[in-house]
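The residues making up each chain are set out below.
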Amino acid sequence: MLDPFQLLNLPRGFDLDDCVLRGALIKASLQWHPDRFALGTEEQRDKAEDHMADLNEAFAMLSSPLQRAETLLALSGFALNEGTDQTSSAAFLMRMMELKEEADDALKSDDVVRIGEMRRRIQEDIAHRVEQLRDSFRAWKAADYCPGTLTPLRALLTEAVYLQRTLDGLQITTMFQS
Amino acid sequence: MIELPIYGQNFSADESADPILGIDLGTTHSLVAVFQHGEARVLCNEDGEALLPSVVSYPIDGSPVVGQAAIERSRLDPKRTIFSAKRLIGRGLEDLVVERATLPYDLVESGERKIVKIDLGDRLITPEEVSAQILAACRDRAVKQLKLPPERLRRAVITVPAYFDDAQRQATRRAAQLAGLEVLRMVSEPTAAALAYGLDKKKAARVVIFDLGGGTFDVSILELQEGVFRVLATSGDTHLGGDDFDRAIMVHVAAEIQQRSGIDVLSDPAARTALRMIAEKTKKALSASESAEFVYHDPSAGIAYRKDIDWRMFQTWITPLVQRTLNGCALALQDAGLTPEDISDVLLVGGSTRVPLVKAAVAQFFNQPASDELNPDQVVALGAAIQAGVLGGSVRNALLLDVTPLSLGIATAEGTVSKLINRNSAIPAQAKEGFTTFVDGQSAVKFTIIQGERELAKDNRTLGEFILRGIPPQPAGLPQIGVRFSLDADGVLHVRAMEERSGVAAETVVTPKHGLTDEEVESMLADAWENAEEDLVTRRTMDLRGQLKNVRHAVAKHMDIARARMDETALERLEDAYEDSEDVDDIHDPNPLKGILDELEEAANPLAELLMNQVATETVRNRKVSDLIDE
Ligand SMILES: Nc1ncnc2c1ncn2[C@@H]1O[C@H](COP(=O)(O)OP(=O)(O)OP(=O)(O)O)[C@@H](O)[C@H]1O
Ligand SMILES: [Mg+2]
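Residues numbered from 1 in each chain as written. Chains lettered and ligands numbered in written order. Predicted model: local features only at pLDDT ≥ 70, side-chain atom pairs only at ≥ 80, totals over all residues. Heavy atoms only, no water.

**Quick word on the overall build of chain B**
Quick note on the threshold: Under the DSSP-based scheme used, a helix requires at least four consecutive residues in state H or I and a strand at least two consecutive residues in state E, with every element numbered from the N terminus. Burial here depends on accessible area, computed with a 1.4 Å probe over protein chains only, as a share of the maximum for the residue type. Under 20% is buried, over 50% is exposed, and the range in between is partly exposed. Contacts: residue pairs with any heavy atoms within 4.5 Å of one another. Note on areas: Shrake-Rupley with a 1.4 Å probe; residue coverage comes only from the protein chains shown.
Within chain B, the secondary structure is distributed over 16 helices and 27 strands. Relative to its full complement of 631 residues, chain B shows a buried share of 56%. When contacts within chain B are restricted to residue pairs at least 6 apart in sequence, those whose partners lie at least 24 apart make up 67%. Counting only carbon and sulfur atoms, one obtains 50% of the accessible surface of chain B, whose full area is about 27,600 Å².

**A closer look at the overall build of chain A**
Definition in use: His is not counted, nor are the chain ends, whereas Lys and Arg count as positive and Asp and Glu as negative. Where a charge lies is defined by one atom per residue type, namely NZ (Lys), CZ (Arg), CG (Asp) and CD (Glu).
When helices and strands are counted, chain A shows 8 helices and 0 strands. Sequence-ordered secondary structure for chain A, helices as α and strands as β, is α-α-α-α-α-α-α-α. With respect to the three principal axes, the spread of C-alpha positions in chain A is 55 × 50 × 30 Å. The proportion of buried residues among the 178 residues of chain A is 44%. Here the contacts in chain A between residues at least 6 apart in sequence split such that 70% fall between residues at least 24 apart. Total accessible area on chain A stands at roughly 9,200 Å², and carbon and sulfur atoms take up 52% of it. Placing the 20 positive and 30 negative side-chain charges of chain A at their respective mean positions leaves the two points 3 Å apart.

**Focus: the environment of Leu 39 of chain A**
Here Leu 39 of chain A shows up in the loop between α2 (18–32) and α3 (42–63). As for Leu 39 of chain A and Phe 137 of chain A, which are separated by 98 residues in sequence, their C-alpha atoms are 45 Å apart.

**Quick look at the domain arrangement of chain A**
We apply this condition: Boundaries of every domain are those given by an automatic assignment or by a domain database.
According to the domain assignment, chain A consists of domain 1 (4–63) and domain 2 (90–176). Each of domain 1 of chain A and domain 2 of chain A has a C-alpha centre, and the two are 28 Å apart.

**Considerations on the interface of chain A and chain B**
Put simply, the rule reads: By definition, the buried area sums, over both parts, the 1.4 Å-probe accessible area that each loses when the two are put together. The salt bridge definition used is simple: a Lys or Arg side-chain nitrogen within 4 Å of an Asp or Glu carboxyl oxygen.
Contacts between the two partners involve 36 residues from chain A and, on the opposite side, 41 residues from chain B. Contact between chain A and chain B buries roughly 3,700 Å² in total, counting both sides, with carbon and sulfur atoms accounting for 57%. When the area that chain A buries against chain B is broken down by residue, the three leading residues are Asp 35, Arg 36 and Leu 39 of chain A, summing to 18%. Joining chain A to chain B, the criterion identifies 2 salt bridges.

**Some words on the domain arrangement of chain B**
Each assigned domain of chain B is listed with its residue range as follows: domain 1 (21–241 + 319–401), domain 2 (242–318), domain 3 (408–515) and domain 4 (519–628). One C-alpha centre belongs to domain 2 of chain B, the other to domain 3 of chain B; they are set 48 Å apart.

**Regarding a negative patch on the surface**
Residues and elements named next belong to chain B. Operational definition: Surface patches are defined over residues having more than 30% relative accessible area and no salt bridge, joining like charges when they lie within 9 Å and nonpolar side chains (Val, Leu, Ile, Met, Phe, Trp, Tyr) when within 5 Å.
The grouping of Asp 567, Glu 568, Glu 572, Asp 576, Glu 579, Asp 580, Glu 582, Asp 583, Asp 585 and Asp 586 at the surface amounts to a negative patch. Inspection of the secondary structure assignment puts Glu 582 in the loop between α14 (568–580) and α15 (590–622). Relative accessible area serves as the criterion here: at 53%, Glu 582 is assigned to the exposed category.

**Section: the site of ligand 1**
Residue and element names in this part refer to chain B. Rules: We define proximity as follows: a residue is near a molecule or strand when any one of its heavy atoms falls within 4 Å of that partner. Polar contacts, as counted here, are pairs of nitrogen or oxygen atoms within 3.5 Å of one another; within protein the pair requires one atom able to donate a hydrogen and one able to accept it, and residues that are adjacent in sequence qualify only if both atoms are side-chain atoms.
In the vicinity of ligand 1 lie 21 residues, with Thr 27, Lys 86, Glu 280, Lys 283 and Ser 287 positioned nearest. Lys 86 is positioned with one of its side-chain polar atoms (N or O) 2.6 Å from an oxygen atom of ligand 1. Ser 287 is positioned with one of its side-chain polar atoms (N or O) 2.6 Å from a nitrogen atom of ligand 1. Starting from 650 Å² of accessible surface for ligand 1 in isolation, the protein chains cover 92%.

**Let's talk about the sheet that holds strand β8 (residues 106–110) of chain B**
Residues and elements named next belong to chain B. Formally: At least two bridges found by DSSP between two strands is the condition for calling them paired.
Read from one edge to the other, the open sheet built from 3 strands follows the order β8-β9-β10, with strand pairing classed as antiparallel. Looking along the sheet, the strands with just one partner apiece sit at the ends: β8 and β10 (124–125). Sheet topology note: the strand β9 (residues 115–119)/β10 ladder contains 2 bridges and is antiparallel. Following the sheet pairing, Ile 118 is matched in β10 by Ile 125.

**Re unusual backbone geometry**
Omega for the bond connecting Ile 427 of chain B with Pro 428 of chain B falls within 30 degrees of zero, at 0 degrees, which places this linkage in the cis form. Mapped onto the secondary structure, Pro 428 of chain B falls in the loop between β21 (417–421) and β22 (429–435). Unlike most non-glycine residues, Asn 9 of chain A shows phi in positive territory, near 60 degrees. Even without being glycine, His 37 of chain B reaches a positive phi, approximately 50 degrees. Structurally, His 37 of chain B is set in the loop between β2 (29–36) and β3 (39–42).

**Digging into the confidence of the model for chain A**
Under the convention used in this document: Along the chain, pLDDT gives the predictor's confidence residue by residue, from 0 to 100.
Predicted confidence across chain A gives a mean pLDDT of 85, with 92% of residues reaching 70 or more. Taken together, the stretch residues 174–178 of chain A has pLDDT below 50 and engages in 11 contacts with residues farther than four places along the chain or on a different chain.

**Here's the deal with the pairing of strand β20 (residues 408–411) of chain B**
All names here are of chain B. Bridge analysis of β20 against β21 gives 4 bridges, and the strand direction is antiparallel. When the sheet's bridge partners are listed, Leu 408 is paired in β21 with Ile 421. Remark: 5 residues form the turn of the hairpin made by β20 and β21, two consecutive strands paired antiparallel; Gly 415 in that turn has positive phi of roughly 90 degrees.

**Points about the pairing of strand β16 (residues 291–298) of chain B**
Residues and elements named next belong to chain B. Here β16 shows one buried face, formed by Ala 292, Phe 294, Tyr 296 and Asp 298, and one open face, formed by Ser 291, Glu 293, Val 295 and His 297. Across 8 bridges, the pairing between β16 and strand β17 (residues 303–310) is antiparallel. Each residue of the ladder has a partner; that of Tyr 296, found in β17, is Tyr 305. Counting the residues between successive antiparallel strands, the hairpin from β16 to β17 contains 4 residues, one of them, Gly 302, with a positive phi of roughly 70 degrees.

**Here we look at the packing of aromatic side chains**
Filter applied, for reference: To pair, rings of Phe, Tyr and Trp, with the six-membered ring standing in for Trp, must have centres within 6.5 Å; the planes then decide the type, stacked if under 30 degrees apart, edge-to-face if over 60, and tilted in the middle. Definition used: whenever NZ (Lys) or CZ (Arg) falls within 6 Å of the ring centre and also within 35 degrees of the ring normal, the charge is taken to sit over that ring.
Tallied over the full model, the rule gives 9 aromatic pairs over all chains. Here the aromatic rings of Phe 245 of chain B and Phe 314 of chain B are separated by 6.3 Å at their centres, their planes lie at 85 degrees, and the arrangement is edge-to-face. Highlighted residues: Phe 245 of chain B in helix α6 (residues 242–261) and Phe 314 of chain B in helix α8 (residues 311–336), separated in sequence by 69 residues. Pairwise contacts between aromatic rings join Phe 14, Phe 137 and Trp 140 of chain A into one cluster. Positioned above the aromatic ring of Phe 83 of chain B, the side-chain terminus of Arg 276 of chain B is 3.4 Å from the ring centre. Positioned above the aromatic ring of Tyr 578 of chain B, the side-chain terminus of Arg 552 of chain B is 4.1 Å from the ring centre.

**A few points about the environment of Glu 72 of chain B**
For Glu 72 of chain B, the position within the fold is in helix α1 (residues 68–73). According to the relative accessible area criterion, Glu 72 of chain B is exposed, its value standing at 58%.

**Quick word on the confidence of the model for chain B**
Residue and element names in this part refer to chain B. The predicted model of chain B has a mean per-residue pLDDT of 85, with 89% of residues at 70 or higher. Strand β1 (residues 21–25) holds the highest mean pLDDT among the elements of chain B, 97, whereas helix α16 (residues 625–630) holds the lowest, 33. Segment residues 616–631 is flagged for pLDDT under 50; beyond a separation of four residues in sequence, or across chains, it makes 14 contacts in the model. Model confidence for the complex: the whole-complex pTM is 0.79, and ipTM, which rates the interface, is 0.85.

Shown next, in the form of structure tokens:
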């Protein structure tokens, strides 16, 4: 698995300042972007394309806090398992189903304002969980990365990922492109 | 830790090296710029014109004419005068329903791969060939202005709309190939504009580039920091621009003419050309004043039409189009995860942003006035030249990080799309996905590559298909087929598939469904080579013959009027000139031909005047009372 922290030369951890992350990408791009090799050999250009693609992927993995959290778990060998993580409460799943229905209605309404409004609500929900995740990661670290302390963290992350999926499905994109 | 070998950025700039051209290949205008002596500048022609009209005319027996000269032929020869080729490039006929209705030239679909071609009557040409002529004209301009031999101007950076898909990008690359240019990089137009805008700015900024040109609309949001221009999101429409404003006027006028006279003017190619030109003129006038007059006369059809179009009418007609551009802005903001308050600068690019409604709508949407410090016509070309400087090593303090406008994926058996690369991912990008077989012993798998945002594969653009063959027989579901997408820094996709147990592999640059293949380009290049050996004198002779033929045609058409209404001496002179110009096939020297042409044109002058007077009388005759009251 690609280690985005290593590629961008950043310390591994959930706390990561946006500016620091951007700075890391810029620094690496200045060295590796294919534009820097336009007059180089074909081999150099190919290599630069490959490496820059990895850097771009690394940046994407780290710039979303949720993906960053998932990456951290995966790198430590505790990857979130799609579907089999029985960590979410029944109440949360119920809420998710309601939210999904609401999202479908909003999409059908073609109402940009309503969609935007709903997106904001979900975004706040996610942001709230990201804050909690921050504490959980700290607690995990304080416990010397003891797997036992991971359960609440995984539950939080699973919920946040659900929310994110709903958000991703709730886009004004398709309306404009028919 | 992987050790990164330190290389790159060590190619020193060599000012004596061959310049790299920066070309803005526009729908209506193209420009060429270079980066020299520390700055980018646009190259003008002898008359000081920076804009080269993207029009190519193909005289029946002469070589193609490009630019202003081509525009001048458009009324004479509408079916062989090609404008807006950029709207056709990399497209299929099914994409072109709207434009086809008002284009004066004919489109056909040709060959198994359904390539759109333009039917000139005696032969078919591709949009790539038309664009190649324009690119070659750009290079010729540079040859003259920089006083360098053509072989030293072989390399170029060409801009394309950010929202161009893979097929359109590849077709543009092929056009350059046909023109004998090596494309070092294709850059998105708004990104190039941002580069020209932000190069000297020290402050970090978040900039929106709103680019509404002749045929395409792009909006991009970039973050500028330490000389790095990072595109956060882009959106747009490759079928939206000033052409559509013209068409809106045209369609309304044509409907009214039909109502008044019963004549369907749009069915006549020459009328379409004329109406389009008048519509554009009217539109431009409406950018500067509150109303403009639309005047159209066609004596042979008995049409005399005039109407005052005021800005309110025009606004109503184009409002839906402007709304589409705002939707694009909303989408780009959403994808960038930003709100209008996060934007520090808004830059307008493209001639159509001169329309007051467009300006006002953008300012309102982003809640700030747009910057107008740069010439909206030139900024893209300047950016292309700066990027050429970056690639050539003479601009060291700038770097563009661009994104792909549309998602890329593979069609699944269920008809949906399995996305490998999401829209607005930074490029270059790579992604991998695993697939397997459906039936026992299946030895080949077909992959259909899809670009677009819709859920169902069939609603998106199919970029191409390819088949991985030779998979050793295994039970269904057992083979592990890895498909790898590599999207390069030009935004062009390369695909590789491999069955991992057996190592059977297939690799392809997706050949776009609607584009030329490598072989086709090669054979065209071979033909072009032969043409290039034809000497200049022959070309000039052929041009003159063509022109002569056109004038003769016009004279013959109106000979009745000439005989009835011209005075005797003038008529005699015209008849003589007409006769003298009949048999010129044996004249191979351009000079006497030019003499014959000039004489015929002069002799035909009185006839032209007569025809114009006729227009004037018809005008009054056809005018309705209501029209007269209007004034
Ligand atoms: N003063 C004006 N008012 C309104 N429209 C204008 C004005 N000047 C130019 N235009 C329109 O701008 C368009 C051309 O813009 P521009 O030259 O930026 O396009 P382009 O670069 O050729 O096209 P594209 O970028 O879409 O490929 C034409 O439709 C033209 O009519
Ligand atoms: Mg343009």
